[in-house]
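Chain and residue survey
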Amino acid sequence: MKRTLIYFLILISFTTYGQNFKIESNFKTEKTYKFTVKRAKIDSKKAIIKDLAQLTQIEAVFTQSGTLLKCVWKYGDTKVVGPKDIISQIGPEYNELFNIYKGIEIEVLFDPNNGGIELLNYNKMKENIKNGLLKIYKNQMTKIDSATMAIINQQLEPTYSSPEILISTYFPEIALYFNLYSQNLITGISIESEYFYPNPFGGEAFPIIGEIKIDSQIKKLLIIKNREQAKQEEVNRIIKDMIEEMSKQGDSPIKKEEIPNFTVNSESYYYYDIKKKIINKVKLEKKIEISGITQTEILEVNLIK
């Protein structure tokens, strides 16, 4: 009887205070959506670059494909934004490197009811990545000789060995933007789960603990927080084994005992328009701490119109 009463009180508290939201999508097939993707890296020891970022223009067009939507996600110009005195020192040779994705079209199949995306033009994307690596090799700023480039290409092959790994390694903004659609969330309730991120170098996948919840609501704008933390001990072991093995291909092999431990965690914030049924903005901050130095990777997707 006592246990039944507890369950009843919990149910009452949910139905009284917990509002249910489904993160729906309302993409129109007759219009072009424009986004910007912002990328930045902040090093706790290099304060001078803390305000620098790369800003890429994106156009996305949706067409109906049965009950699903096909999205063509096209990369436009990338430019560096930040302090003028630093930007003025960036020459055209750097701009060429920033724009290696320009003109690339990624075709994905988006499920508006159950969530998730599927890469459709996988073979073309592998070719695009190889061409991008070739541009880096030929750029005068990189100064990579052919022998070194051959080793780099060999080591990078696993990073596009499957559609899922290719997207997560080279175009994480696509998965970041679409992965929340179709989720059901209740105010005041956190959803915790354990899952794996694919290893871009083909080894063991990285175990992650995630927690997602509605952080706040401002009128018709729902702000959702997704916190992810690596299972540090396991991830450190996987990374060290991988670095040790990869270093054997070079002239200076590294023993795993020489590699320091690190911690990895990230937080994402999604800004969802309840009335329009669309995510206006996603911001991811991933923090990696190693030997007292914290590196923060920022990835931000903004819907412009």
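To be clear, the structure that these remarks concern was listed above.
Nothing here was measured: the structure is a model prediction, and the numbers come from that model.

1. Notes on the environment of Pro158
- Positionally, Pro158 belongs in the loop between helix H5 (146-156) and helix H6 (163-170).
- Residue class for Pro158 comes out partly exposed when judged on its relative accessible area of 22%.
- Taking the C-alpha atoms as reference points, Pro158 and Phe201, 43 residues apart in sequence, are found 4.9 Å from one another.
- In this structure Pro158 touches Ile165, Pro200, Phe201 and Gly202, once residues within four positions along its chain are discounted.

2. Here we look at unusual backbone geometry
- Even without being glycine, Ser182 reaches a positive phi, approximately 85°.
- With respect to the secondary-structure elements, Ser182 resides in the loop between helix H7 (172-178) and strand S7 (184-186).
- The phi dihedral of Lys219 is positive, around 55°, even though this residue is not glycine.
- Turning to its location among the elements, Lys219 is positioned in the loop between strand S9 (206-218) and strand S10 (221-230).

3. Here we look at the pattern of salt bridges
- For the structure on display, the rule yields 14 salt bridges.
- Here Glu24 makes a salt bridge to Lys277, at a shortest N to O gap of 3.7 Å. Of this pair, Glu24 sits in the loop between strand S1 (20-22) and strand S2 (32-43) while Lys277 sits in the loop between strand S11 (262-273) and strand S12 (278-290); the two residues are 253 residues apart in sequence, bridging distant segments of the chain.
- For Glu24, a relative accessible area of 32% corresponds to the partly exposed category.
- Under the relative-accessibility criterion, Lys277 is labelled partly exposed at 31%.
- Between Lys102 and Asp77 there is a salt bridge, with the nearest N and O atoms lying 2.7 Å from each other. Separated by 25 residues along the polypeptide, Lys102 in the loop between helix H3 (92-98) and strand S5 (105-110) and Asp77 in strand S4 (residues 68-81) bring together distant segments of the chain.
- The exposure class assigned to Lys102 is partly exposed, which follows from its relative accessible area of 47%.
- On the basis of relative accessibility, which here comes to 44%, the residue Asp77 falls in the partly exposed class.

4. Considering the pairing of S9
- The pairing of strand S8 (residues 191-197) with S9 spans seven bridges and is classified as antiparallel. Across the sheet, the residue bridging to Tyr195 is Ile208, located in S9.
- In textbook terms, the turn of a hairpin is the stretch between consecutive antiparallel strands, and for S9 and S10 this stretch comprises two residues, one of which, Lys219, has a positive phi near 55°.

5. With respect to the side chain of Thr159
- In this fold, Thr159 is placed in the loop between H5 and H6.
- A polar contact of 2.4 Å, which involves the side chain of Thr159, links it to the backbone oxygen of Leu156.
- A distance of 2.5 Å separates polar atoms of two side chains, one belonging to Thr159 and the other to Tyr170.

6. Quick look at the nonpolar core
- Residues Phe27, Trp73, Ile106, Phe171, Tyr177 and Phe178 are the most contacted members of the largest nonpolar core, which totals 51 residues.
- Dropping the residues within four chain positions of it, Tyr177 is found in contact with Phe27, Phe35, Ile278, Ile279, Val282 and Val301.
- Counting nine residues, the second largest nonpolar core, distinct from the first, contains Ile208, Val235, Met242 and Phe262.

7. Some details on the packing of aromatic side chains
- Applying the stated criterion across every chain, the model contains 20 aromatic pairs.
- Measuring from ring centre to ring centre gives 5.1 Å for Phe35 and Tyr177, while their planes differ by 75°; the resulting arrangement is edge-to-face. You can see Phe35 sitting in strand S2 and its partner Tyr177 sitting in helix H7, a full 142 residues away along the chain. Note on accessibility: Phe35 and Tyr177 belong to one class, buried.
- Through a chain of ring-to-ring contacts, the aromatic side chains of Phe27, Tyr33, Phe35, Phe62, Trp73, Phe110, Tyr177, Phe178 and Tyr181 assemble into a single cluster.
- Just above the ring of Tyr271 sits the side chain of Lys281; from NZ or CZ to the centre is 5.4 Å.

Rules of the game
- Residues numbered from 1 in each chain as written.
- Predicted model: local features only at pLDDT ≥ 70, side-chain atom pairs only at ≥ 80, totals over all residues.
- Heavy atoms only, no water.
- Helix = DSSP H or I, 4+ residues; strand = E, 2+ residues; numbered from the N terminus.
- Buried < 20%, exposed > 50% of the residue type's maximum accessible area, 1.4 Å probe, protein only.
- Contact = heavy atoms within 4.5 Å.
- Salt bridge = Lys/Arg side-chain N within 4 Å of Asp/Glu carboxyl O.
- Pairing = 2+ DSSP bridges.
- Polar contact = N/O pair within 3.5 Å; in protein donor to acceptor, adjacent residues only side chain to side chain.
- Core = buried A, V, L, I, M, F, W, Y, C linked by side-chain atoms within 4.5 Å.
- Phe/Tyr/Trp six-rings, centres within 6.5 Å; stacked < 30°, edge-to-face > 60°.
- Lys NZ or Arg CZ within 6 Å of the ring centre and 35° of its normal.

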